[in-house]
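Structural overview
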Amino acid sequence: MTIARERLRHTTPAGYEDVVSLGHGKRAFIAAPMSALSDEATYKQNREAVLALVNHLIKEYGFLDVYYAGKNVASKSQFTDSPVALEQDLSALRESDIFILVYPDKVLSSVLIEAGCAIAWGKPMLLLVRNQKDLPYLLQEAEKLDDSSQFPHIEVRVYKDEKSLKEQVDSSISLLI
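Below you will find a few notes about this structure. Nothing here was measured: the structure is a model prediction, and the numbers come from that model.

Some thoughts on the pattern of salt bridges
Applying the stated criterion across every chain yields a total of 5 salt bridges. In this structure, the salt-bridge partner of Glu48 is Arg47, at a minimum N-O distance of 3.6 Å. The class for Arg47 is buried, based on a relative accessible area of 11%. Salt-bridge contacts for Glu143 lead to Arg157; the nearest nitrogen and oxygen are separated by 3.8 Å. Separated by 14 residues along the polypeptide, Glu143 in the loop between strand 6 (125-129) and strand 7 (154-158) and Arg157 in strand 7 bring together distant segments of the chain. The class of Glu143 is partly exposed, set by a relative accessible area of 31%. Classification of Arg157 by relative accessible area gives buried; the value is 18%. Several salt bridges converge on common partners, so that one network encompasses Glu143, Glu155 and Arg157.

A word on the pairing of strand 5 (residues 98-103)
The buried count for strand 5 comes to 6 of 6 residues, which makes it a mostly enclosed element. On strand 5, burial covers both faces: Ile98, Ile100 and Val102 on one face and Phe99, Leu101 and Tyr103 on the other are all buried. Bridge analysis of strand 3 (residues 27-31) against strand 5 gives 4 bridges, and the strand direction is parallel. Within strand 5, the position partnered with Ala28 by the bridge is Ile98. As judged from the 5 bridges shared by strand 5 and strand 6, these two strands associate in the parallel manner. The residue of strand 6 that forms the bridge with Phe99 is Met125. With helix 3 (residues 111-120) bridging strand 5 and the parallel strand 6, this β-α-β connection has right-handed handedness.

Here we look at the environment of Glu60
Secondary-structure assignment places Glu60 in helix 1 (residues 40-61). Given a relative accessible area of 29%, Glu60 falls into the partly exposed group. Separated by 37 residues in sequence, Glu60 and Gly23 have C-alpha atoms that sit 8.6 Å apart.

A few points about the sheet that holds strand 3
Hydrogen bonds between backbone groups are what pair the strands of a sheet, and the pairing can be parallel or antiparallel. The sheet built from 5 strands is open, its strands ordered 4-3-5-6-7 with parallel pairing. Where the open sheet ends on each side, the last strands, each with one partner, are strand 4 (65-68) and strand 7. Direction aside, the axes of adjacent strands within the sheet are offset by 15° on average. Strand direction decides the pairing type here: strand 3 and strand 4, joined by 4 bridges, are parallel. Counted as the bridge partner of Phe29 is Tyr67 from strand 4. Contacts between helix 1 and the sheet are confined to strand 3, strand 4, strand 5 and strand 6, with strand 4 contributing the most and set at about 165° to the helix. Running at roughly 165° to strand 7, helix 4 (residues 162-176) makes contact with strand 5, strand 6 and strand 7 of the sheet.

Focus on helix 4
With 15 residues, helix 4 ought to run about 21 Å at 1.5 Å a step, and its terminal C-alpha atoms sit 21 Å apart, in line with that. Approximately 35° is the largest bend angle found in helix 4, and it occurs at Asp170. Those residues of helix 4 lying buried are Ser164, Leu165, Gln168, Val169, Asp170, Ser172, Ile173 and Leu176. Those residues of helix 4 hidden inside the fold are in contact with helix 1, strand 5, strand 6 and strand 7. A distance of 3.2 Å separates the backbone nitrogen of Lys163 from a side-chain oxygen at the start of helix 4, and that oxygen is part of Asp161.

Calculation rules
Residues numbered from 1 in each chain as written. Predicted model: local features only at pLDDT ≥ 70, side-chain atom pairs only at ≥ 80, totals over all residues. Heavy atoms only, no water. Salt bridge = Lys/Arg side-chain N within 4 Å of Asp/Glu carboxyl O. Buried < 20%, exposed > 50% of the residue type's maximum accessible area, 1.4 Å probe, protein only. Helix = DSSP H or I, 4+ residues; strand = E, 2+ residues; numbered from the N terminus. Pairing = 2+ DSSP bridges. Right-handed = clockwise from strand over helix to strand, strands pointing away. Axes fitted to C-alpha atoms, helices over the stretch in contact; angles between N-to-C directions. Contact = heavy atoms within 4.5 Å. Expected span 1.5 Å × (residues − 1). Bend = angle between axes of the 7 residues up to and from the residue. Polar contact = N/O pair within 3.5 Å; in protein donor to acceptor, adjacent residues only side chain to side chain.

Right, dumping it as structure tokens:
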């Protein structure tokens, strides 16, 4: 059985068994490079993969909301001013229950600042990368940290394409919620 089909069972006040999705009522924050990507075609390809992941989290896991800054930004030319984007992104991150990073290439990107904030704010983290060595040194093996009050739970997963991106989420989401 895939994790996507796993459900939490509980008994309602009336005594009926109810099935609740793993992400029911939860908010996720997805960080993915945007302006740092090399060209428009790469941006659009990455955006489509992340949008598919947003839909997967909502449909398969019942997340209340999945924030992704590129959700309404179809082209690199449509980016919001950085002070506005910073305020929107960090506000959404603070309100989220989990942090998911989709990091397709080693690029200097604001997603690394968002990852730092997620650690500081104790958000459980899923870091999805094509190459683990592309992550900053301190994050490359962050999943080996003991969960404690000092560090949130961190999972690092390697993906190859959109299909394996979803598979990596499916194999690790229950560890984060």
